[in-house]
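# Chains, contacts and geometry: an overview
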Amino acid sequence: MAAQKRDYYEVLGVPRDADAETIKKAYRKLAMKWHPDRNPDNKEEAEAKFKEASEAYAALSDPQKRQTYDRFGHAGMKDAFGAGGFDMNDLGDILGQFFGGGGGGFSFNFGGGGFEGFGGGARRPGGPRRGGDTEQVVRLSFEEALFGKTVSLRVHAAVACPECGGSGAAKGSKRVPCKQCGGSGAVRARGFFGIMQQTCPVCHGAGTVVEKPCKRCGGDGLVASDETVEVRIPAGVAHGMSLPVAGKGNAGPNDGPRGDLIVHCAVSESDLFERDGQDLILRRAVSPALLALGGELQVETPNGTATLKVRPGTPNGTMQRLRGQGVPAVGRFAQGDLIVVLEAETPQALTGEQTKLLERLRAAEGERNFPERAAQDRASAAFRAAREQAKRK
Ligand SMILES: [Zn+2]
Ligand SMILES: [Zn+2]
């Protein structure tokens, strides 16, 4: 169980930028190949491959989950798939999409108990259905995002009514078959293309209605809740990243499991660093004398104070890369680097003595001190001569 999980893109054999259609095709091919019913001689391997492909497809076919996976890797999927990871509900959804009937007709069970009987429940009319996700924005300072932080969020969600346990039925009353649809959850109606099946408007597809509605929730089985949730924001999150918090969204109909709370990170900018992916850029203003004479320079990194060696004659704008001193690894992103850009600052408010020293320096400077300026002087002279010659004609 502790084996390293394979990359989802690798499992499906598709490139990272594959579109939805390509992903679907790749999964269909694998699902057909590894369908346990087609591999009676190596059932165990087939089931493992089938489940691996299904999990990869579940992640990559859902834009929200795919985004999370691209950002946080398998670590992020623990939350995206709920506390138990990829499970029978997720698998049931996929099998329903591909093979119809909520996955029915599958004759195999996955080991470990958790997968047994996945072909029913979730899709049956009146069965529990997963609730919707909710969203919240968390504002973080640059430093909080860089170093990580545990935030307390007030979460508002619809949860199962404590009075009726989510059934919507008052004490002593029960759910009875819906008269409108006869318990099937669907009715026939004249639609645009003729007679069509439609979700029953009375029971909303449940197939049952409550005999006497619960007073607390009015019969829909849900009440508003207000709870405080501690969310660990991992070190290194970037502006715009989303973190799913499993099971803190809205509860589903018929006592269905809660959806997720999606936490969006809004990160402030820093006065010191710019962020470029996982790299941090530090534009360090330095004295022209430091670049000319060389020396040492102290710079701040996320891990501590570092000392940079500046060589004599270092050009303005020189970049020095400090490996592994950038944004910490987060999800599937590796630790970044710190890139220090040395930018000469023109001295201001010179004292009389400093002015004299600079004047002496200027008087003493020669072509070999400023090869670039000397080359430009020569190019300027040639240009001037050409311009004057052209005007004479
Ligand atoms: Zn009905
Ligand atoms: Zn109730």
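What counts and how
Residues numbered from 1 in each chain as written. Chains lettered and ligands numbered in written order. Predicted model: local features only at pLDDT ≥ 70, side-chain atom pairs only at ≥ 80, totals over all residues. Heavy atoms only, no water. Pairing = 2+ DSSP bridges. Helix = DSSP H or I, 4+ residues; strand = E, 2+ residues; numbered from the N terminus. Axes fitted to C-alpha atoms, helices over the stretch in contact; angles between N-to-C directions. Donors = N, O, S within 2.8 Å, 3.2 Å for Na, K, Ca; no water. Tetrahedral: all angles 85-135°; square planar, octahedral: opposite > 155°, others 65-115°. Buried < 20%, exposed > 50% of the residue type's maximum accessible area, 1.4 Å probe, protein only. Expected span 1.5 Å × (residues − 1). pLDDT = per-residue confidence, 0-100. Contact = heavy atoms within 4.5 Å. Polar contact = N/O pair within 3.5 Å; in protein donor to acceptor, adjacent residues only side chain to side chain. Phe/Tyr/Trp six-rings, centres within 6.5 Å; stacked < 30°, edge-to-face > 60°.

### What about the sheet that holds strand β10 (residues 273-276)?
Spatially, β10-β11-β15-β14 is the arrangement adopted by the four strands of the open sheet, whose pairing is mixed. A single partner strand is all that each edge strand has here, and the edge strands are β10 and β14 (319-322). When the angles between neighbouring strand axes are averaged without regard to direction, this sheet yields 25°. Where strand β11 (residues 279-286) and strand β15 (residues 338-344) come together, seven bridges link them in parallel fashion. Within the sheet, the bridge partner assigned to Leu282 lies in β15 and is Val340.

### Some remarks on the coordination of the zinc ion (ligand 2)
Under ideal tetrahedral coordination, the four donors around a metal are separated by 109.5 degrees; under ideal octahedral coordination, the six donors are separated by 90 or 180 degrees. The zinc ion (ligand 2) binds to the protein through Cys161 (SG), Cys164 (SG), Cys214 (SG) and Cys217 (SG); the donor distances cover 2.3 Å. Viewed at the metal, the four donor atoms of the zinc ion (ligand 2) are separated by angles of 104 to 115°, and the geometry they form is tetrahedral.

### Side note on the pairing of strand β13 (residues 304-310)
As paired elements, strand β12 (residues 295-301) and β13 share seven bridges and run antiparallel to each other. Within the sheet, the bridge partner assigned to Gly295 lies in β13 and is Val310.

### Some words on the coordination of the zinc ion (ligand 1)
Distances from the zinc ion (ligand 1) to its protein donors, namely Cys178 (SG), Cys181 (SG), Cys200 (SG) and Cys203 (SG), fall within the range 2.2 to 2.3 Å. Of note is the zinc ion (ligand 1), whose four donor atoms meet at the metal with angles of 103 to 115° in an arrangement that counts as tetrahedral. Each donor residue of the zinc ion (ligand 1) belongs to the same chain, with the gaps between them written as C-x2-C-x18-C-x2-C. Using a relative accessible area of 3% as the deciding quantity, one classes Cys178 as buried.

### Focus on unusual backbone geometry
Apart from glycine, the bulk of residues carry a negative phi angle, and the bulk of peptide bonds sit in the trans form. With a phi close to 50°, Ala349 is a non-glycine residue in the positive phi region. One can find Ala349 in the loop between β15 and α8 (352-364).

### With respect to helix α3 (residues 43-60)
Residues separated by three or four positions in an α-helix point in the same direction, a consequence of the helix having 3.6 residues per turn. Taking 1.5 Å as the rise per residue, α3 with 18 residues should run 26 Å; its terminal C-alpha atoms sit 25 Å apart, in good agreement. What α3 keeps buried is the set Ala46, Glu47, Phe50, Ala53, Ser54, Glu55, Ala56, Tyr57, Ala58, Ala59 and Leu60.

### Describing the confidence of the model for the chain
For the chain, per-residue confidence averages 84 on the pLDDT scale, and 84% of positions sit at 70 or higher. Ignoring residues within four places in sequence, the model shows residues 99-123, a span with pLDDT below 50, making 55 contacts including any to other chains.

### Quick notes on the side chain of Thr301
Here Thr301 is to be found in strand β12. The exposure class of Thr301 is buried, given its relative accessible area of 10%. There is a polar contact of 3.0 Å between the side chain of Thr301 and the backbone nitrogen of Asn303. Setting aside anything within four residues of it in sequence, one finds Thr301 in contact with Ala306, Leu322, Gln325 and Leu338.

### Some points on the packing of aromatic side chains
Evaluated as defined, the whole model comprises four aromatic pairs. Among the aromatic side chains, those forming a connected cluster through ring pairs are Tyr8, Tyr9 and Tyr69.

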